[in-house]
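The residues making up each chain are set out below.
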2 protein chains.
Amino acid sequence: MASDPLADDRITAYGRLVEAHRRLSRIFDRRLRAETGLSDTWFEALLRLGRSPDRQLAITELGDQMVLTSGGATRLVDRLVDAGYVTREACPTDRRVQWARLTDAGLAKVTAAIEIHLADLDEHFTSQLTTAELDQLGAVLDRLRDPSPAG
Amino acid sequence: MASDPLADDRITAYGRLVEAHRRLSRIFDRRLRAETGLSDTWFEALLRLGRSPDRQLAITELGDQMVLTSGGATRLVDRLVDAGYVTREACPTDRRVQWARLTDAGLAKVTAAIEIHLADLDEHFTSQLTTAELDQLGAVLDRLRDPSPAG
DNA sequence: GAGAGATACCTGCGCTGTCAACTACTGCGC
DNA sequence: GCGCAGTAGTTGACAGCGCAGGTATCTCTC
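Residues numbered from 1 in each chain as written. Chains lettered and ligands numbered in written order. Predicted model: local features only at pLDDT ≥ 70, side-chain atom pairs only at ≥ 80, totals over all residues.

Focus: helix α4 (residues 70-83) of chain A
Residues and elements named next belong to chain A. Compared with the 20 Å implied by 1.5 Å per residue over 14 residues, the 20 Å span of α4 between its first and last C-alpha is a close match. What α4 keeps buried is the set Ala73, Leu76, Val77 and Leu80. End-on view of α4: buried residues confined to an arc of 100°, all on one side of the axis. Exposed residues on α4 whose side chains face more than 90 degrees from its buried face are Gly71, Arg75 and Asp82. (Helix = DSSP H or I, 4+ residues; strand = E, 2+ residues; numbered from the N terminus. Expected span 1.5 Å × (residues − 1). Buried ≥ 20, exposed ≤ 12 C-beta atoms within 10 Å, placed from the backbone. Arc of directions from axis to C-beta.)

With respect to the relation of the copies chain A and chain B
In screw terms, the move from chain A to chain B is a rotation of 180° and a rise of 0.0 Å along the axis, fitting with an RMSD of 0.1 Å. This pairing of chains is accounted for by a two-fold axis. Interface residue correspondence from chain A to chain B reaches 100%, placing this contact among same-surface, isologous pairings. (Least-squares fit on C-alpha atoms with pLDDT ≥ 70 in both. Contact = placed C-beta atoms within 7 Å.)

What to know about the sheet that holds strand β1 (residues 56-58) of chain A
Adjacent strands of a sheet pair through backbone hydrogen bonds, lying either parallel or antiparallel. Residues and elements named next belong to chain A. Spatially, the three strands line up as an open sheet ordered β1-β3-β2, and their pairing is antiparallel. Strands at the two margins of the open sheet, each flanked by one partner only, are β1 and β2 (86-90). Geometrically, the sheet is characterised by an average inter-axis angle of 30° between neighbouring strands, direction not taken into account. Examined bridge by bridge, β2 and strand β3 (residues 98-102) share five bridges and lie antiparallel to one another. Along β3, the bridge assignment pairs glutamate 89 with tryptophan 99. (Pairing = 2+ DSSP bridges. Axes fitted to C-alpha atoms, helices over the stretch in contact; angles between N-to-C directions.)

Points about the sheet that holds strand β2 (residues 86-90) of chain B
All names here are of chain B. Strand order in the open sheet made by the three strands is β1-β3-β2, with antiparallel pairing throughout. Every interior strand has two partners, whereas the edge strands, β1 (56-58) and β2, have only one. Here the strands of the sheet are splayed against their neighbours by 30° on average, with no regard to which way each runs. Docked against the sheet, helix α4 (residues 70-83) engages β2 and β3 (98-102), running at close to 115° with respect to β2.

Quick look at the structure:
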């Protein structure tokens, strides 16, 4: 039985990571949509811009942080601009670069959404783990996110 | 500074989970696509069918396992049927149910793909963690995936 | 200062998934 | 047996993202 290649332990370990993320993000997305009109993707983008110096980020930098391709980042910013949460600003020192800059409306929106997201996070994430587990999980995920080259 | 609501620790902890999954799944998806023609989603679906009794699962059950809506599950099975990896079979005891059943071609495909996926998993996932960390990560993610109701 | 290669962004196209509404079937209570 | 809530699956309309390829700009080398 242990030799069934379809039931390898390593695959199920990774599968837990996938499933945990998908279930949590679905919960958070639905809640945010219902109560703020923001998808979890929009919320994340606005949050990242709000935490950045001058509330702005080059489009590629935003895409890198969110694990999007450059095309995906362009279109995400398109939509946020249409919604009035972001503006495109020319970079004075590199004409290839477009800054995506959080507007006051965007900042207000994301600030309001944080309350809801924190409540959800407490309910479905933080409360499931001890402080020690949370620390350890963070450390481990950090390494997975940015792996060291050697085996 | 610690009072900046945009930089709450709980949000970044969850953010690590999101980012780890997105980066890993992108790596795995690209590799699988290039070397087997299967997306990570297709691979996962075929794997789940292959591990199930009689290599089949009700469409809704497959969707639940993969965290898809019923509509998403229907369409995924549509595509897998078109590709010849799966067939739809009527359930003799409940006429609402359609079994999605792995074909021989599907089994052969997923079996070949496993080798590649395991190599990638070792390189980017397993090798980053000690055995103890892997066990603990699994236990913690298991709880997140299927949370207990109370806080 | 000209050319080569890298980088930032945009766009056409196709794939994948959601939502909401719908049909078909089941099983329960009466 | 009849009606009705619940469940399984399908479908149309549509949003979101990747890929591949394009343009503009920058930078390094000679």
